[in-house]
Structures are given as structure tokens and as C-alpha cells.
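Okay, here's what each chain looks like letter by letter:
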Amino acid sequence: MQVVTLVGNRPQFVKAAAVSKLLRERYGELLVHSGQHYDSSLSAVFFEQLDLPAADVELGIGPVSGSDQIGLIMHAFEPILRDAEADAVMVYGDTNTTLAGALTAAKVGCPLVHVEAGMRSFDSDMPEERNRVIVDHLASLCLCSTATALENLAAEEIRGRSELVGDVMADVSLAMMPVARERSNALPALGLEPGEYLLVTAHRAGNVDDPARLERLVELLEALPAPAVFPVHPRTRVRLETGGLLDRVTALERLKLTPPLGYIDFLCLLSNARAVLTDSGGVQKEAYLAAIPCVTLREATEWVETVELGWNVLVGLDRAAALEALARNGSPREHPELYGGGSAGQSVVEAIERWGGANTQ
Ligand code: UDP
């Protein structure tokens, strides 16, 4: 079987690192990089640090607006897919690259495998939520990170087959956390002490594209009760600059701004933080895996288990609610294994094997 995998964004490089090598032991894989994240701090550093096989094909589609990006990726991806005589296209998550890969597979008539299928925030204003729903409905095989995701797909009566495999990003995070603690120099380099600082990330369109909401985010940063480190996503930096807010954030003495960090430094900072504030899906999950309390700067999440267990609090951009969540004492007592314990990549390959067999019978 020949699988063509399309990736293009930071979290997808992490996810593919759990699957590509295992997949290649069993099948042929052509790894295609859309170029959606092209900046080396969001792309090359992940290939290096996670020992991800180099992309076989680079589509080189850079930072253009949403529908242009989807169209350009499809236009460049289709001939590659046809030439590769692919038996399956594999996509991860919920980005423009994911949607473009799924639509191209549908156009070419190639079966689609969706990894991290069935995640739902039930917030249809989120572009990622719309992408997820479309991709799941186009997929022949939906591979889910959680039992909740599997239930979501059943409720939507999707036509493909769905299976619970665990979370592939968790495989990588769990394997890399001890490595990151040992190898990273990030804490001394930033003058931070373990357990005494907050780690912040924010880049969702819903938080940074609307100037009024971006200002609320800045007000929340101004109110933080402890030293904090904020690796700034390029999208957020541009919005802060154009909104005239970057100077206000830079002026905050207790907030250290950094460029986006490589995985090893980021995981080290995350696993030593007092708490994490984020609007990222992956970072919420990684905070849970590291048993670090998380304050999520969104009104809804797909990673509902983390909230139900008390490790994650949803505050949107409500400053008072964020401060209240940060003031909580102690951690929840229960910390069950939620995301497959590190073997999801293997389960993905086994699920493809079962499905491939079923598909060719
Ligand atoms: N990440 C990183 N460096 C950073 C910020 C995030 O390595 O400066 C990693 C993080 O550990 C997680 C992934 O990037 O594995 C999450 O990516 P992002 O927040 O861009 O995407 P989302 O999960 O929200 O789709």
C-alpha cells in the first residue's frame, strides 16, 4: 500500500513524527509538506528535533489568505497524488492543509484517512471546527484520539469507518518530555525558576484577528500575577504590531516575549511551569500530560476530559476568571491516562492495516 501524507503546520509535524517512521516499516509513504508553515521556527526545527523523515515533496505554498491557500494547495497536490498512485491520503487535525488534502483526495477519488478525527468544540465560528466536520465526512477511515471523539462521529452518522487509536501527539510529548527536561537550557537562559512562572501561548484567529479581542488579551497579560514567558506566534506578532499593541506587551517587565520555540525548549518550559495559559488545542493536551494546570483562553474545547477532571479551566478572555483560575490551590487528585499512553502511532498503523485489508476484499 502507498500512503501519501500531507502535512503543513507545526502541530502536524509533531503528530506525523509519531506515525511516519512506523508507517514506513510496513508500507510506502510519500510525505508532502504544503508549506502553510514555512518559517523555520514553525517547521524545520520540528523535523530536526523529532527526527521526522524529510518531506519527499515541498509544495511551497506560503502565507496567503485562507481560500487562496486551500486552492493553491489543492492545485499543487493533485498531480502529485495522481503520479504517486496512492492507495490512501492521510491528513492530521483541522487546518487549511488538512481540508485541502481531504478535498483533493475526494476529487481524485482516493480513500482518505483522518487522524485526530471526531474532535468537536461545537463552536462553528472556529474555522478549525468547520474543517474538522468536512474532513470527517469525507474520510473513509477516521482515527480518533478519545472515546468522546468516537461518540461525536457516531452522533453525526459519518459514512466512514471510525476507530479509537489514542492520541499521536501524546506519543511524542510523552517520549520527549524527559529528553526536553534534560537537554533544554531554556529556564536558566530566560532567568526562570521551576514552578514559579506561567507559560502563555495565543494564536487562534478568534483571539488575535479581532482588534477588540486582541486588546482584551493584552489586558489579561498585563494582569498576570507571576512572571510569564510568551513565545509569540508569527500571526500574533503581526496582529500586535498592526494593532499598535506590541509596545504595550513588550513593556511588561514580568512578561518575557520570545520567538516561537523549538519543541525541546517549549516542552521543558511547559513541564516546569506553575500553570499554562493557552488557546492552543495541542498545548492544553500537553499541559494535562505533564500534570500542569491549564487555563484555556477559549469558551469551548475539544479536549473536554481535561476540563471534566479539573486540570483545565475555560475562561475565554475574561481576565477575572483567568486570575481566579490561577489562584486555585493544589492540583486535582485524579490524573488518569487519557490519550493512549504513548502507543497511538502503532495503533494508527494497525488500524490502517485492518482497514486496508477490508478495503481490498
Ligand atoms: N509548540 C512549540 N513551540 C511553541 C509553541 C508550541 O513547540 O513556541 C508546540 C506545542 O508543544 C504543541 C504544538 O506546538 O505540540 C501546538 O501547536 P499549535 O499551538 O500551533 O497548534 P494547535 O494545537 O492549536 O492546533
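As a convention, each chain's residues are numbered from 1 in the sequence order in which they are written. Reporting in this predicted model follows two pLDDT cut-offs: at least 70 for local features of residues, and 80 or more for side-chain atom pairs to be given and counted; totals over whole chains, interfaces and linings ignore these cut-offs and use all residues. Excluding hydrogens and water, the side-chain figures rest on all heavy atoms present in the structure.

Participant: Got a minute to help me understand the packing of aromatic side chains in this structure?
Facilitator: Aromatic ring pairs are described here by two measures, namely the spacing of the ring centres and the angle between the planes. Here the aromatic set is Phe, Tyr and Trp, taking the six-membered ring for Trp, and pairing holds for ring centres within 6.5 Å; pairs whose planes are under 30 degrees apart are stacked, those over 60 apart are edge-to-face, and all others are tilted. Within the structure shown, the criterion is met by 5 aromatic pairs. On the numbers, 6.2 Å between centres and 85° between planes, the contact of Tyr288 with Tyr339 is edge-to-face. One end of the pair, Tyr288, is in helix H14 (residues 281-289); the other, Tyr339, is in the loop between helix H16 (319-327) and helix H17 (344-360), and 51 residues separate them in sequence. Cluster of aromatic residues (ring-pair linked, three or more members): Tyr288, Trp303, Trp311 and Tyr339. For helices the rule is a DSSP run of H or I covering at least 4 residues; for strands it is a run of E covering at least 2, with both sets numbered from the N terminus onward.

Participant: Explain the sheet that holds strand E5 (residues 112-117) here, please?
Facilitator: The strands making up a sheet associate through backbone hydrogen bonding, with each pair oriented either parallel or antiparallel. Strand order across the open sheet formed by 7 strands is E3-E2-E1-E4-E5-E6-E7, with parallel pairing between neighbours. On the outer flanks of this sheet lie strand E3 (57-58) and strand E7 (161-164), each paired with one strand and no other. Any two strands between which DSSP finds at least two bridges are classified as paired. Bridge count between strand E1 (residues 2-7) and strand E4 (residues 88-92): 4 bridges; the pairing is parallel. Looking at E4, one finds that Leu6 is bridged to Val91. Working rule for contacts: check all heavy atoms of both residues, and any pair within 4.5 Å makes them a contact. Note on geometry: axes are C-alpha line fits, over the in-contact stretch for helices, and angles between N-to-C directions span 0 to 180 degrees. In this fold helix H5 (residues 127-138) packs onto E4, E5 and strand E6 (141-144), with an angle of close to 140° to the strand it touches most, E5.

Participant: Whenever I open this one, the site of the ligand confuses me. Can you help?
Facilitator: In this text, near means that some heavy atom of the residue lies within 4 Å of the molecule or strand in question. Taken together, 18 residues lie near the ligand, and Arg204, Leu261, Ser280, Gly282 and Glu286 sit nearest. Side-chain atoms alone can form a polar contact between residues adjacent in sequence; in general such a contact is a pair of N or O atoms within 3.5 Å, and within protein one must be able to donate a hydrogen while the other accepts it. Contact between the ligand and Arg10: an oxygen atom at 3.0 Å from a side-chain N or O atom of the residue. Note that an oxygen atom of the ligand is positioned 2.7 Å from one of the side-chain N or O atoms of Ser280. Protein coverage of the free-state accessible area of the ligand, which is 530 Å², stands at 96%. Mapped onto the shell around the ligand, the elements with two or more residues apiece are helix H1 (10-26), helix H13 (263-272) and H14. Here the element with the most residues in the shell around the ligand is H14; it accounts for 4 residues. Three classes are used: nonpolar for Ala, Val, Leu, Ile, Met, Phe, Trp, Tyr, Cys and Pro, charged for Asp, Glu, Lys and Arg, and polar for all others, with Gly counted as polar. Split into classes, the residues belonging to the shell around the ligand amount to 10 nonpolar, 5 polar and 3 charged. Each accessible area is a Shrake-Rupley result for a 1.4 Å probe, and residues are judged covered by the shown protein chains and nothing else.

Participant: What's the story with the side chain of Ser41 in this structure? I'm lost.
Facilitator: Of note, Ser41 is situated in the loop between strand E2 (28-33) and helix H2 (44-49). For Ser41, the side chain forms a polar contact with the side chain of Asp39, separated by 2.8 Å. Dropping the residues within four chain positions of it, Ser41 is found in contact with Phe46, Pro260 and Leu261.

Participant: Help me out: how do you make sense of the nonpolar core in this one?
Facilitator: As a rule of thumb, nonpolar side chains are buried together in soluble globular proteins. Here, nonpolar core means buried Ala, Val, Leu, Ile, Met, Phe, Trp, Tyr and Cys residues that are tied together by side-chain atoms lying within 4.5 Å of each other. Partly exposed describes any residue whose relative accessible area lies between the buried limit of under 20% and the exposed limit of over 50%, with all areas from a 1.4 Å probe on protein chains only and scaled to the type maximum. The biggest cluster of nonpolar side chains holds 93 residues, and the ones touching the most others in it are Met90, Leu269 and Ile352. Excluding residues that lie within four positions of it along the chain, Met90 makes contacts with Val3, Val4, Thr5, Leu6, Val19, Leu23, Val113, Val115, Val348 and Ile352. Membership of the second largest hydrophobic core comes to 29 residues, among which are Val218, Leu221, Ala228 and Leu252.

Participant: Just checking my understanding: could you explain the environment of Glu302 for this structure?
Facilitator: Counting through the fold element by element, Glu302 comes out in the loop between strand E12 (294-296) and helix H15 (304-308). Owing to a relative accessible area of 5%, Glu302 belongs among the buried residues under this scheme. Sequence-distant contacts of Glu302, defined by excluding residues within four places in its chain, comprise Met119, Arg120, Ser121, Met126, Arg132 and Gly281. At a separation of 2.5 Å, a polar atom in the side chain of Glu302 contacts the side chain of Arg298.

Participant: Help me understand the side chain of Ser121 in this model?
Facilitator: Positionally, Ser121 belongs in the loop between E5 and H5. The contacts of Ser121, once residues within four sequence positions are left out, are Met126, Glu129, Arg132, Arg298, Ala300, Thr301 and Glu302.

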